[in-house]
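So you can see what is in the structure, the chains are spelled out below.
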Amino acid sequence: MTISVTRNPSPKQRPAPGQALPFGRLYTDHMLLMNYDKGQGWHDLRIAPYGNFTLAPSAMVFHYAQEVFEGMKAYPAPGGGTLLFRPLDNLARLNASCRRLCIPELPLEDVFEGLKALLRLEAGWVPRDPGTSLYIRPTVIATEPALGVKASDSFLFFVILSPVGAYYASGFKPVRIVVEEDYTRAAPGGTGSVKCGGNYAASIRAGAQAHEKGYDQVLWLDAAERKYVEEVSSMNIFFVMDGTLVTPALGDTVLPGITRRSILQLAQEMGIPVQERRIALAEIVSAHASGALQEIFGSGTAAVVSPVASLTVEGR
Ligand SMILES: *Cc1c(COP(=O)(O)O)cnc(C)c1O
């Protein structure tokens, strides 16, 4: 597929070095786009000025949330150029999400070429201050104007770029997490292991209530028994107990984080014992009581590695 490029005639003022970059508020001058239509497949890969879309109010994404996305990051390479962190893993996961949501799989080689072309065009937007990066948000939405519940016949794929600093409002400070006792995020057979907006829509209320009480995030327990630790909304969770790095095993209710996998690989290379397994909340509580619990941290592209300051279980 060839990539057509329409340059933005009025580029924005780029953030100055040292300027604070709130997460995901500022966007670069261009975006990558591609359309899907039944019978035609994916077509019209293009770079265009960043700007609003026109969609029918009946576009299916608005009603039934047939939508998937990714989150990845680009960093300045020492000596020039831009480095992507494991982008092919993100693209493979995007197609896995597409399969689960009945969205036609993307032609990943074309998408990757398009992404690289976009990043070359926007290279000047990759921030260079410590702790900053260029956040990349690939997204697919259902655009068919139809209210019947079915898979859409048309989709829009787009990638937008945002220079970012720390994900949490608290900056890189350790986060305060509370175990969620009322709501659940993902049930067996559901969509917990894919990156789709619907998962987040369903989790906002729990997050908002936690914020009101002074916490940054909730820790989700398994939906079936409410006994086992799963993850934090946008991060996988790790515990260090007696020198062993332990994280919940993947399944269909935990998002297979690329940062998570990288941490497991690095830990193994460093000779740190690693376990991926079911972790009962009660085990964490007793490991804390006995002094075996040494560290808790979350991992995700947006938050990178986020130390946990406190974990609140039943008010304690
Ligand atoms: C994206 C995401 C993560 C982190 O995955 P990374 O690939 O490390 O960014 C963890 N949990 C959920 C629910 C996510 O959506």
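All figures in this text were calculated on a predicted structure; none of them were measured in a lab. (Residues numbered from 1 in each chain as written. Predicted model: local features only at pLDDT ≥ 70, side-chain atom pairs only at ≥ 80, totals over all residues. Heavy atoms only, no water.)

**Description of the pattern of salt bridges**
Thinking step 1. On inspection of all chains with the given rule, the structure shows 11 salt bridges.
Thinking step 2. As a salt-bridge pair, Lys150 and Glu144 come within 2.7 Å of each other at their nearest N and O atoms.
Thinking step 3. In this structure, Lys150 and Asp153 form a salt bridge, with 3.6 Å as the shortest nitrogen-oxygen distance.
Thinking step 4. The exposure class assigned to Lys150 is partly exposed, which follows from its relative accessible area of 41%.
Thinking step 5. On the accessibility criterion, Asp153 (27% relative accessible area) is partly exposed.
Thinking step 6. What you see here is one network of salt bridges that share partners, running through Lys38, Glu144, Lys150 and Asp153. (Salt bridge = Lys/Arg side-chain N within 4 Å of Asp/Glu carboxyl O. Buried < 20%, exposed > 50% of the residue type's maximum accessible area, 1.4 Å probe, protein only.)

**Remarks on the sheet that holds strand β15 (residues 293–300)**
Thinking step 1. Taken in spatial order, the eight strands line up as β11-β10-β9-β16-β15-β12-β13-β14 in an open sheet, and their pairing is mixed. Here the strands that pair on one side only, and so sit at the sheet edges, are β11 (229–232) and β14 (274–277). The mean inter-strand angle of the sheet, taken between neighbouring strand axes irrespective of direction, is 35°.
Thinking step 2. Relative to strand β13 (residues 244–248), strand β12 (residues 236–241) runs antiparallel, the two being bridged by three bridges. (Pairing = 2+ DSSP bridges. Helix = DSSP H or I, 4+ residues; strand = E, 2+ residues; numbered from the N terminus. Axes fitted to C-alpha atoms, helices over the stretch in contact; angles between N-to-C directions.)

**A word on the site of the ligand**
Thinking step 1. In the vicinity of the ligand, 15 residues are found, and the nearest of them are Lys195, Tyr200, Glu231, Thr259 and Thr301.
Thinking step 2. In this structure, a nitrogen atom belonging to the ligand sits 2.4 Å away from a side-chain N or O atom of Glu231.
Thinking step 3. Compared with its free state, where it exposes 380 Å², the ligand has 97% of that area covered by protein.
Thinking step 4. For the shell around the ligand, the per-class residue count stands at four nonpolar, seven polar and four charged. (Near = heavy atom within 4 Å. Polar contact = N/O pair within 3.5 Å; in protein donor to acceptor, adjacent residues only side chain to side chain. Areas by Shrake-Rupley, 256 points an atom, 1.4 Å probe, with all protein chains shown as cover. Nonpolar A, V, L, I, M, F, W, Y, C, P; charged D, E, K, R; others polar.)

**Side note on the layout of surface pockets**
Thinking step 1. Taken as a whole, the second largest pocket spans an internal volume of roughly 330 Å³.
Thinking step 2. Mapped onto the lining of the second largest pocket, the elements with two or more residues apiece are α6 (281–290), β15 and β16 (304–312). (1 Å grid on protein atoms, 1.4 Å probe; cavity = no way out; pocket = protein on both sides within 12 Å on 5 of 7 lines; lining within 4 Å. Points joined across faces, edges and corners; volume = space filled by probe spheres on them.)

**Regarding the pairing of strand β3 (residues 41–49)**
Thinking step 1. Across two bridges, strand β1 (residues 4–5) lies against β3 in parallel orientation. Across the sheet, Ser4 pairs through a bridge with Arg46, a residue of β3.
Thinking step 2. Sheet topology places strand β2 (residues 30–37) next to β3; seven bridges connect them, and they run antiparallel. Following the sheet pairing, Met31 is matched in β3 by Ala48.

**Re the nonpolar core**
Thinking step 1. In this structure, Trp42, Val68, Leu106, Ile136, Val140, Phe157 and Val159 are the most contacted members of the largest nonpolar core, which totals 44 residues.
Thinking step 2. Contributing elements (two or more residues each) for this core: β2, β3, α1 (60–64), β5 (72–76), α2 (87–100), α3 (108–121), β7 (133–142) and β8 (154–164).
Thinking step 3. Look past the residues within four positions of Ile136 in its chain and what remains in contact with it is Glu70, Gly71, Met72, Lys73, Ala74, Leu84, Leu115, Leu119, Val159, Ile160 and Leu161.
Thinking step 4. Counting 23 residues, the second largest nonpolar core, distinct from the first, contains Ile177, Met241, Ile279 and Leu311. (Core = buried A, V, L, I, M, F, W, Y, C linked by side-chain atoms within 4.5 Å. Contact = heavy atoms within 4.5 Å.)

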